[in-house]
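One letter stands for each residue in the lines below.
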Amino acid sequence: MSAPGLPQPPALVEVRDLVKDFPVRRGVVFQRDAGTVRAVDGISFDVRRGETLGLVGESGCGKSTTARLVTRLLTPTAGTIAYDGRDVSTLGRRELLPLRREMQLVFQDPYASLNPRMTIGAIVGEPLRIHRIGSGAQERRARVRELLDRVGLDPEHHNRYPHEFSGGQRQRVGIARAIALGPRLIVADEPVSALDVSIQAQILALLRELQADLGLTILFIAHDLAVVRHACDRVAVMREGRIVELADADTLYAAPQHPYTRALLDAVPRMPRPD
Amino acid sequence: MSEPLLDVRDLRVSFATPDGLVRAVDGVSFSVAPGRTLGIVGESGSGKSVAVSTVMGLTRGARGATIAGELRFAGHDLIHAGDEELRRLRGNELAMVFQDPMSSLHPLFRVGDQLVEAVRAHRPVGRRAARIRAQDMLGLAGVPEPGRRMEAYPHELSGGLRQRVMIAMALVNEPRLLIADEPTTALDVTVQAQILELLARLRDELGMAMVLVTHDLGVVAQVADDVAVMYAGRIVETGPTRPLLRTPQHPYTWGLLRSTPRLDGPRDAWPVPIAGRPPSPIAPPAGCRFHPRCPSALAPCAAIDPVLQPAGDGTQRAACILPAAVREEERP
Amino acid sequence: MGAYVVRRLLWLIAVLIAVSLVTFVIFYVLPSADPVLLRAGKNPSPEVVQSITHTLGLDRPWYVQYGRYMERLVLHLDLGRSYQNDASVRHLLWDRLPATLALAFGAMVLWLLIGIPLGIFSAVRHRRAGDRVVTGVSLLLVSAPVYWLGLVALYVFSADIGKLRWLEGAGSYPTHGTIFTNPGEVVPSLILPWIVLAISFAAIYARFVRGSLVEVLREDYIRTARAKGLPERTVVLKHGMRAAMTPVVTILGLDLGILLGGAILVETVFNVPGIGRLAYDSIQTSDLPMIQGTVLAGAFFIVLLTLVVDLVYAFLDPRVRYGQGAP
């Protein structure tokens, strides 16, 4: 992104020594705590303005928890999260509300993340309604149509329901909803894992376009190093709640340092090069 | 060439639904010789899962299902065979492994019991002998401490272990053909590699033939001898693995390759999407089914429905009317 | 696990206390027949009324009465005496229990024997003719009020007043003995009540089993069972039913709990001397200690059966375990 050696702009997100514990509950009726699971074990990283940072790891490594912590859907047990220079680690719901316009999540499962009882127009328009964007319902409707078009969907389909769309299209709806408020940060939690490979490429291309047009910063969470290779400027590899390696993409793929990174790279099947 | 173990000719499977007739498999032919591995590659809606489920006889009795064509396995006519004949083959000479081992294993029975059941369904042995066999198979499938694991319930095992159990269960009666439907898709990346290795090893040790169904070209690159690419219920290209991946003859295969993220090549060469979406199985496009999305499509493509023709180096076949030269133009 | 059971038993006691308090308060808040007048007989003089009122302790404020009631209960396990006839409530409940037990369990066996196979048949013939017939008939039977079914049954089959005098009618339950000591007379008297109760429940269970099994048969592990080459019978009855039965067992426990508190309507129609009939009678006479006794008995059985069901559930489904470490 920025040339090395020049002063870097301050990072959009700064995470320091972040820890998240979840209580383990025993029993069904009378539950009591029987210890904790440490999902995130003291991680630190920056997400620089305008970059795409990849966060890669296998299931249970804590990457999804990290995504939810950064967007403050969860409260950290310890450590700090700073957004645009401001400490947001312990803000309450009220104070977080304006922040929600700035950071949005895109989810993995296009089948589960859209409310099946709402039309896609309503889904995309809901954030506008909640944050009272636009001077009225009419203006909001126009914005919804604009958004649908922006992500490659037919605006005329705004009153159709999610089940009438394919997985890739639903993922586009999720993205439209995420950019509706004009956020600066998008946290994409495995946005293409549930899609066919040719559709994956479509969504990746869409994200790339939107990033360039809207000046987005993206935290891209994935379990597959091949998928993030092109999209990410820097990549962090997570394992068991810790970041084991963080490097810019060229370096990471060319000369991985940590054995786990190497194991992940080896796991990607080798294909003969097409002529 | 020796008699193929599995010979599928012009298989057609359709389902009557309230929205119309869904032609899930619309004229598919392939064969597998003993000891060989065929990879069937396709995205969602290509019909690949329905095709192999039909080989196993699992689509019989599905509501509104119509099955036509020829299906021969080891001398049995699977289309016209009685239910009992099919049942005796299933889990015995013809076995299948499914995608999601968490939901594919019965949650309320111990793993060992499920394996023993698989043995005793086809072999007249007592419980003890069956248990020994089951435990041996678990060990062969790379499950550590198999004796202890036999007592476990599926939810007590990790994803990789569960898939090993499924594989052990499928192979316990030493089938001649194993069908694996997306066996690694639900697993972590590092585990995927292990499972593929396991399948390849067992295939060699048991001298089995294998059909591997997947959407991931990387998977077939690793394990398959031959590949068939499916799109919209048809096979659009076949050939040995290496030539197919190096010089694909059908624009769809080529599109799939280009949209697969790779670890080699320049980082700024992003995966190239295939425009559009797969067609509806109820109303496929006229002419070539891929033509609306094909970057090389010409006028005749909308009118002519191509059949598989020899292409490339002669071992390959593709269902495309365009001469190789035109298809070549699309390559960067 | 042991700690869990102990906790649940403590909870049982807490529920019973709450129930008894609420019953007490309701009795005083809602208008009902005056037990004193009912006991006193025709045209009682004011002195008699006052005397009875004092004897029954009804001249004290309700919370004092409640306090004395609870004191007796906790210290002596004494549930008081009936306002009507001074009989010991505890004794009466105990006497009536066998009839209710016989009625409840007998009906349960019958409805399971009818309902479950019908449910399986329906599920396997999902949406085809057989299923539609069974579903239709079940719907009819579920909608019919149980006392209406009881009266119709008596009208048709009762030995004394029915059209076809095939079975013993109302009031034929013997005055002496229980099903254990006097089966020869008890069993015939319960056949009609069993059938009537069983019909209503069988219909419900057939539908429930059908629904549960249809869902289970869609699961991936059923596909695996077929892929293993298991006979279809084994797939449905072993793999399918094993998974489909867990919710059914839960409902069964709860239904049994309710029935053990007394199937009031059936016991009344057929004059079976069980706890349900006792409850009905005591409500008629505003016999508070008796009412309290039957309500507590009902609550006791429901809470107890709920605990049993939870324990059985953990036994049936290894994914649910209480008070144990994660495997």
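Check the entry above for the structure.
Let us look at the structure shown here.

Cut-off values and rules
Residues numbered from 1 in each chain as written. Chains lettered and ligands numbered in written order. Predicted model: local features only at pLDDT ≥ 70, side-chain atom pairs only at ≥ 80, totals over all residues. Helix = DSSP H or I, 4+ residues; strand = E, 2+ residues; numbered from the N terminus. Buried ≥ 20, exposed ≤ 12 C-beta atoms within 10 Å, placed from the backbone. Contact = placed C-beta atoms within 7 Å. Nonpolar A, V, L, I, M, F, W, Y, C, P; charged D, E, K, R; others polar. Pairing = 2+ DSSP bridges. Axes fitted to C-alpha atoms, helices over the stretch in contact; angles between N-to-C directions. Parallel < 35°, antiparallel > 145°, perpendicular 65-115°, else oblique. Left-handed = near helix turned anticlockwise from the far one by under 90°. Expected span 1.5 Å × (residues − 1). Arc of directions from axis to C-beta. Core = buried A, V, L, I, M, F, W, Y, C linked by C-beta atoms within 7 Å.

Let us now look at the overall build of chain C. Within chain C one finds 13 helices and zero strands. Listing each helix as α and each strand as β along chain C from the N terminus yields α-α-α-α-α-α-α-α-α-α-α-α-α. Within chain C, buried positions represent 36% of all 327 residues. Taking contacts inside chain C between residues at least 6 apart in sequence as the whole, the part at least 24 apart equals 68%.

Next up on the list: the interface of chain C and chain B. A common way to report how large an interface is uses the accessible area buried once the components associate. With 18 residues of chain C in contact, the opposing surface of chain B contributes 23 residues. Residue assignment for the side of chain C that touches chain B shows that the elements contributing at least two residues are helix H9 (220-227) and helix H10 (232-260) of chain C. For the side of chain C that touches chain B, the element with the highest residue contribution is H9(C), accounting for six residues. The class makeup of the residues in the side of chain C that touches chain B is seven nonpolar, three polar and eight charged.

Looking now at unusual backbone geometry. Residues and elements named next belong to chain B. Not every positive phi belongs to a glycine, and Ala 74 is a case in point at roughly 45°. By the element assignment, Ala 74 lies in the loop between strand S4 (65-73) and strand S5 (76-77). The phi torsion at Ala 232 lies on the positive side, around 50°, for a residue other than glycine. Residue position: Ala 232 is located in the loop between strand S9 (226-231) and strand S10 (234-240). Accessibility expressed as a C-beta count within 10 Å gives 23 for Ala 232, which makes it buried.

Once that is clear, we can look at the pairing of strand S6 (residues 103-106) of chain A. Residue and element names in this part refer to chain A. Burial along S6 is two-sided: the residues Met 103 and Leu 105 and Gln 104 and Val 106 are all buried. In the sheet, S6 pairs with strand S7 (residues 185-189) via four bridges, with the strands oriented parallel. Directly across from Val 106, in S7, lies its bridge partner Ala 188.

Attention now goes to the sheet that holds S7(A). All names here are of chain A. If you walk across this open sheet you meet the six strands as S6-S7-S8-S3-S9-S10, and the pairing is mixed. Looking at the sheet topology across the chains shown, the edges are occupied by S6 and strand S10 (242-248). Recorded for the sheet is a direction-independent mean angle of 15° between the axes of neighbouring strands. Together, strand S3 (52-56), S6, S7, strand S8 (217-222) and strand S9 (234-239) form the strand contacts of helix H1 (residues 63-70), whose direction differs from that of S8 by roughly 155°. Of the strands in this sheet, S9 and S10 touch helix H9 (residues 259-267), which is tilted by about 100° from S9.

In this section: the packing of H9(A) against helix H8 (residues 189-206) of chain B. Between H9(A) and H8(B), the least distance of the axes is 8 Å, while the angle of their chain directions is 50°. Considering their axes alone, H9(A) and H8(B) lie oblique with respect to each other. You can see that H9(A) and H8(B) cross each other, and the crossing is left-handed. Residues A:Ala263, A:Leu264 and A:Ala267 of H9(A) form the contact with H8(B), whose participating residues are B:Val189, B:Thr190, B:Gln192 and B:Ala193.

All right, on to the interface of chain A and chain B then. Chain A puts 33 residues into the contact, and the matching count from chain B is 34 residues. Only helix H6 (197-214), helix H7 (225-231), helix H8 (249-254) and H9 of chain A provide two or more residues apiece to the side of chain A that touches chain B. Here the side of chain A that touches chain B takes seven residues from H6(A), the largest share from any one element. Residues belonging to the side of chain A that touches chain B are distributed by class as follows: 17 nonpolar, seven polar and nine charged.

Next up on the list: the packing of H6(A) against helix H11 (residues 251-259) of chain B. Packed helix pairs are characterised by how far apart their axes lie and by the angle those axes make with each other. Two elements in contact, H6(A) and H11(B), have axes separated by 8 Å at closest approach and are oriented at 50°. On the basis of the axis angle, H6(A) is oblique to H11(B). Between H6(A) and H11(B) lies a crossing of left-handed hand. Note on element contacts: H11(B) touches H6(A) through B:Gly255, B:Leu256 and B:Ser259, opposite A:Val197, A:Ser198 and A:Ala201.

A word on helix H5 (residues 127-140) of chain B. Residues and elements named next belong to chain B. The end-to-end C-alpha separation of H5 is 20 Å, in line with the 20 Å expected for 14 residues at 1.5 Å each. Residues Ala 130, Ala 134, Gln 135, Met 137 and Leu 138 constitute the buried set of H5. Viewed along the axis of H5, the buried residues span an arc of 160°, placing them on a single side of the element. Looking at the buried positions of H5, the neighbouring elements they touch are helix H4 (111-120), helix H6 (146-149) and helix H7 (159-171). Positive backbone phi, approximately 80°, marks Gly 142, located one or two places after H5.

All names here are of chain B. Across the sheet, eight strands lie side by side as S6-S7-S8-S3-S9-S10-S12-S11; this open sheet has mixed pairing. Each edge of the open sheet is held by one strand with a lone partner, namely strand S6 (94-97) and strand S11 (309-311). Looking at each pair of strands side by side, their axes are set apart by 20° on average, direction ignored. One ladder, built from four bridges, connects strand S3 (residues 37-41) with S9; its direction is parallel. Opposite Val 41, over in S9, you have Val 229 as the bridge partner.

It is worth spelling out the nonpolar core at this point. Within the largest apolar cluster, 173 residues are counted, with the highest numbers of intra-cluster contacts made by A:Leu219, A:Phe220 and B:Leu177. Looking at this core element by element, the count peaks at eight residues for H7(B). The residues contacting B:Leu177, other than those within four sequence positions of it, are B:Leu5, B:Leu6, B:Val32, B:Phe73, B:Leu94, B:Met208, B:Ala209 and B:Val211. In terms of nonpolar packing, the next biggest core, distinct from the first, is built from 64 residues, C:Trp194, C:Leu252, C:Phe270 and C:Leu296 among them.

Another point: the environment of B:Asp181. Considering the arrangement of structural elements, one finds B:Asp181 in strand S7 (residues 177-181). Excluding anything up to four places from it in sequence, B:Asp181 contacts B:Ser49, B:Val52, B:Met96, B:Val97, B:Phe98, B:Gln99 and B:Val213.

Residue and element names in this part refer to chain B. Taken together, the eight bridges between strand S1 (residues 6-17) and S4 define a ladder with antiparallel strand orientation. Bridge assignment links Arg 9 to a residue of S4, and that residue is Glu 70. The antiparallel hairpin formed by S1 and strand S2 (residues 20-32) contains two residues in its connecting segment.

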